[in-house]
Amino acid sequence: MAETLLWVLPLIPTVTALLMLTTRDRRVLSALDVSGSAILFALALVLAREVAVGGPRTLGVFRLDDVGLVFLLLLVVLTLAVSIYTVGWLEQALEVGNMKAEFLRSYFALVHAFVATMVVTVLADNLGILWIAMEGTTITSAVLIGYHGHHHGLEAAWKYIIVTTIGISFGLFGTVLIYAAAADVQGGAGAMSWSAIMKIAPTLHPGIVRIGFIFAMVGYGTKAGLAPMHLWLPDAHSQAPTPVSALLSGVLIKCALLGIIRFQTIAAAACGPAFPAQVLLIFGLISVVVATPFILAQRDIKRLLGYHSVEHVGIVALGLGFGGRVGTYGALLHVVNHGITKALAFFAAGTAIARYGSRDMRAIGGLLAVAPIGATLLMLAALSLAGVPPFSIFVSELMVLRAGIGQGHWIAIAIFLSMVVVIFAGLLHHVGVMAFGEPTATASREPEAWFPLAGMLLLAAIMILLGITLPGSFDGILQRATEVIVD
Amino acid sequence: MSEEALHAVIDDLGALLLFTMILIVAAGQIYRAIYAVSAQSLLIALAAAVLATATGNTDLWVIAGVTLAVKAVALPWVLHWIVQRMDIRREIEPVIPIAATLALSVVIVVASFQLTTSLGPVRQAIAGNALPVGISLTLTGVLVMATRKTALTQMVGLFASENGIFFTAMAVTQGMPLIIEIGVILDVILAALVMTILVLRVRSTVDADVADLDRLRG
């Protein structure tokens, strides 16, 4: 049963995408969108239950263990929220003329094809399949980023496809090198499967694994948006249609992090945990430091959120780099927390942009007066992103910090803390400007639409829940995932 | 074929591959770069055929055929078609002088060989000098992508970079699983397709070349 589901899961968004190509009716498309995501969500929960009870499931090149499960759950929750949000967002976008009714079906079909490729990256056990699916996400999402078809959108799409394709070829080279090392030990059969490599990992030649890990780190790091390979990220996040921005920031860069984790575990077993940890720490620190000035000086709200993703991916890399149980657990929790919160922030920003007709934060003023619920959600998301207790990101950042202190990485901790404090101030300033004060003249005073809010409230509820308490079953998944990575 | 003879042939092919890479880097006209990358893919197909005869791995024949059809003929033909269709007058447009790029690629080649000499035992897992040649081709391809502004030259760099990875992958003793290699080639084709669509859309909607897109900053 559970094994079959491994095959069925990627098929659901694929079939949904194909069905969407058969119709032009907007209502039918929206219905297909929401129901496809809901079915995916339900089946993923069934699978999660099976894996939680009976351990990892394998079928051919697919395998789902607890590490993958963390990312799969994030993926299906965000896909469902995005679908619900899109229903209302689309209405506004069609009115403004941002989306054109005759191209809708290709938009929806591409979104689901994008989701399908991401599902495969999460389920892939074979590192070659992981790479192919990762390049598949680039191909499907590049068109989506340039979807609005104006000058900036196309520029962002071109930059995205070139930078990530360069990056991901490094990832393929890393995969080939790890394969060469594994094939040298046990022969070609199965030498590309992550679970098979992990069994023989301690006997792999450390020299070649080291080079392979660096190539893979640069490759998947590009896709994850780690600095200095993040050049595509702010452009793509700011130019894509808002639901796509939420998927890019919430899920895609997290899938790339899963790729990094796969290679990190191999490298840690073959050449000792210190080497991959060091590489991760360096990339993590660069990301946190590089993102800070851009966050402070930013005027475009979606670019702000994009740079902020660079910072948070850096924090996850730091957590993995500090390592140990606490650091790894914190990093995994941060992946989920940041994914949920950042998608909520993009949703709230998207509705604010639609209301004011501008992405410039100086033009968005007095949001609280014209759209109280949306403004509250935007403020909640921003407070959480800034790391204010009792929200979920505070918890995971604290764990990463504790792991760093426990390992005695004082310099890294000092840099990390000072940057987080600066970003905290900058982010609250930006949001304060948008939420308070007199509404600007350009603001639309229409009452808030119900459907975008439903998607946002779903995410806000999860965000607040994760801050207050961690459900026991989810904690169990995270614990077992930590064990897979650390031991 | 004995192992030494095989290594000698692979090394000779590797030298020719590096030579075509120099042609790509040094190309002052887009046509020359396209022909050079086509010749390079032809050599990759040849290497696959040689390895197939030497190791008896029939999968490699498939790889040789697909590489020949797709990368040596079809993709260069598509690039050629775009050049003619768009009536490109602008040529390579390097960001830094071509001579400087050439010097950098020499550094890359030397560094790759230097890096891999430290890996004694693993060299047995990969035939001949395929590893340093593969690393050089990949990195130089990336260099071409990073230092050229026009879309087509960037695509040529991408193909050269993929060629480097394929060369190393083939020379791994056991050969990569066929399904993976086919998947990778499929991805390259799709990426080229999407890039072509983007180039044409940029041309038709904003009437500019990809090289002129530089508004997004900060």
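Residues numbered from 1 in each chain as written. Chains lettered and ligands numbered in written order. Predicted model: local features only at pLDDT ≥ 70, side-chain atom pairs only at ≥ 80, totals over all residues.

Section: the overall build of chain B
- A tally of helices and strands in chain B yields 7 helices and 0 strands.
- Scanning chain B from its N terminus toward the C terminus, one meets helices and strands in the order α-α-α-α-α-α-α.
- Counting only residues that meet the buried cut, chain B has 47% of its 218 residues in that class.
- Sequence separation of at least 24 residues holds for 74% of the intrachain contacts in chain B that already meet a minimum separation of 6. (Helix = DSSP H or I, 4+ residues; strand = E, 2+ residues; numbered from the N terminus. Buried ≥ 20, exposed ≤ 12 C-beta atoms within 10 Å, placed from the backbone. Contact = placed C-beta atoms within 7 Å.)

Describing the overall build of chain A
- The number of helices and strands found in chain A is 19 helices and 2 strands.
- Computed over the C-alpha atoms, the radius of gyration of chain A is 21 Å, within 12% of the 23 Å expected from 2.2 N^0.38 for a compact globule of 487 residues.
- Taken over 487 residues, chain A has a buried fraction of 64%.
- Residue pairs in contact within chain A that sit at least 24 positions apart in sequence constitute 81% of those at least 6 positions apart. (Rg over C-alpha atoms; globule rule 2.2 N^0.38 Å.)

Here's the deal with the interface of chain A and chain B
- Across the boundary between the two partners, chain A contributes 37 residues, which contact 40 residues of chain B.
- Ranked by residue count, the leading element in the side of chain A that touches chain B is helix α6 (residues 151-186) of chain A, at 20 residues.
- When grouped by side-chain class, the residues that make up the side of chain A that touches chain B number 21 nonpolar, 12 polar and 4 charged. (Nonpolar A, V, L, I, M, F, W, Y, C, P; charged D, E, K, R; others polar.)

Some remarks on unusual backbone geometry
Residues and elements named next belong to chain A.
- Going from Ala227 to Pro228, the amide bond is cis rather than trans, its omega being 0°.
- As for its position among the elements, Pro228 is in the loop between α8 (206-224) and α9 (232-239).
- In this structure, the amide linkage connecting Pro389 to the following residue, Pro390, adopts the cis form with an omega of 10°.
- Inspection of the secondary structure assignment puts Pro390 in the loop between α15 (372-386) and α16 (392-407).

Let's talk about the nonpolar core
- Formed by 273 residues in total, the largest nonpolar core has its most connected members in A:Val70, A:Leu344 and A:Leu378.
- At 21 residues, the largest contribution of residues to this core is made by α6(A). (Core = buried A, V, L, I, M, F, W, Y, C linked by C-beta atoms within 7 Å.)

Some details on helix α18 (residues 450-468) of chain A
Residues and elements named next belong to chain A.
- The first and last C-alpha atoms of α18 sit 27 Å apart over 19 residues, in line with the 27 Å expected at 1.5 Å per residue.
- Pro452, Leu453, Gly455, Met456, Leu459, Ala460, Met463, Leu466 and Gly467 are the residues of α18 that are buried. Projected down its long axis, α18 carries its buried residues within an arc of 160°, all on one side. Exposed residues on α18 whose side chains face more than 90 degrees from its buried face are Trp450, Ala461 and Ile468.
- Contact partners of the buried residues in α18: α3 (66-96), α13 (324-356), α15 and α16. (Expected span 1.5 Å × (residues − 1). Arc of directions from axis to C-beta.)

Brief notes about the environment of A:Thr242
Residues and elements named next belong to chain A.
- Take Thr242: it is sitting in helix α10 (residues 242-271).
- C-alpha of Thr242 to C-alpha of Ile162: the two residues are 80 residues apart in sequence and 22 Å apart in space.
- Ignoring sequence-local partners within four residues, the contact set of Thr242 consists of Trp89, Phe346, Phe347 and Gly350.

A look at helix α17 (residues 410-435) of chain A
Residue and element names in this part refer to chain A.
- The end-to-end C-alpha separation of α17 is 37 Å, in line with the 38 Å expected for 26 residues at 1.5 Å each.
- Among the residues of α17, Phe416, Met419, Ile423, Gly426, Leu427, His430, Val431, Met434 and Ala435 are the ones counted as buried.
- Just downstream of α17, Gly437 is the residue with a positive phi angle, here 90°.

A few points about the packing of helix α1 (residues 2-20) of chain A against helix α4 (residues 104-123) of chain A
Residues and elements named next belong to chain A.
- Between α1 and α4, whose axes approach to 7 Å, the crossing angle comes to 170°. Accordingly, the angle class assigned to the pair α1 and α4 is roughly antiparallel. Facing Leu6, Leu9, Pro10, Pro13, Thr14, Thr16, Ala17 and Met20 of α1, the residues of α4 in contact are Arg105, Phe108, Ala109, His112, Ala113, Val115, Ala116, Val119, Val120 and Leu123.
- The class makeup of the residues in the contact of α1 with α4 is 14 nonpolar, 3 polar and 1 charged. (Axes fitted to C-alpha atoms, helices over the stretch in contact; angles between N-to-C directions. Parallel < 35°, antiparallel > 145°, perpendicular 65-115°, else oblique.)

Remarks on the packing of helix α6 (residues 151-171) of chain B against helix α7 (residues 178-205) of chain B
All names here are of chain B.
- Between α6 and α7, the least distance of the axes is 11 Å, while the angle of their chain directions is 175°. Between α6 and α7, the angle falls in the class roughly antiparallel. Contacts between α6 and α7 involve Ala151, Met155 and Glu162 on the former and, on the latter, Val188, Ala192, Met195 and Val199.
- Broken down by class, the residue content of the contact of α6 with α7 amounts to 6 nonpolar, no polar and 1 charged.

A word on the environment of A:Thr137
- Within the element layout of this structure, A:Thr137 appears in helix α5 (residues 127-145).
- Taking the C-alpha atoms as reference points, A:Thr137 and A:Phe474, separated by 337 residues in sequence, lie 27 Å from one another.

A short note on the environment of B:Gln154
- With respect to the helices, strands and loops of the structure, B:Gln154 is situated in helix α6.
- When the 23 C-beta atoms within 10 Å are taken as the criterion, B:Gln154 is described as buried.
- Separated by 10 residues in the primary sequence, B:Gln154 and B:Val144 have C-alpha atoms spaced 6.6 Å apart.
- Residues in contact with B:Gln154, not counting those within four places in the same chain, are A:Ile162, B:Met145 and B:Arg148.

Considerations on the confidence of the model for chain B
All names here are of chain B.
- Across chain B, pLDDT averages 85, with 89% of residues at or above 70.
- Looking across chain B, the model is least confident in α7, with a mean pLDDT of 84, and most confident in helix α2 (residues 30-55), with 92.
- Interface predicted TM-score (ipTM) for the complex: 0.90; the corresponding pTM is 0.94. (pLDDT = per-residue confidence, 0-100.)

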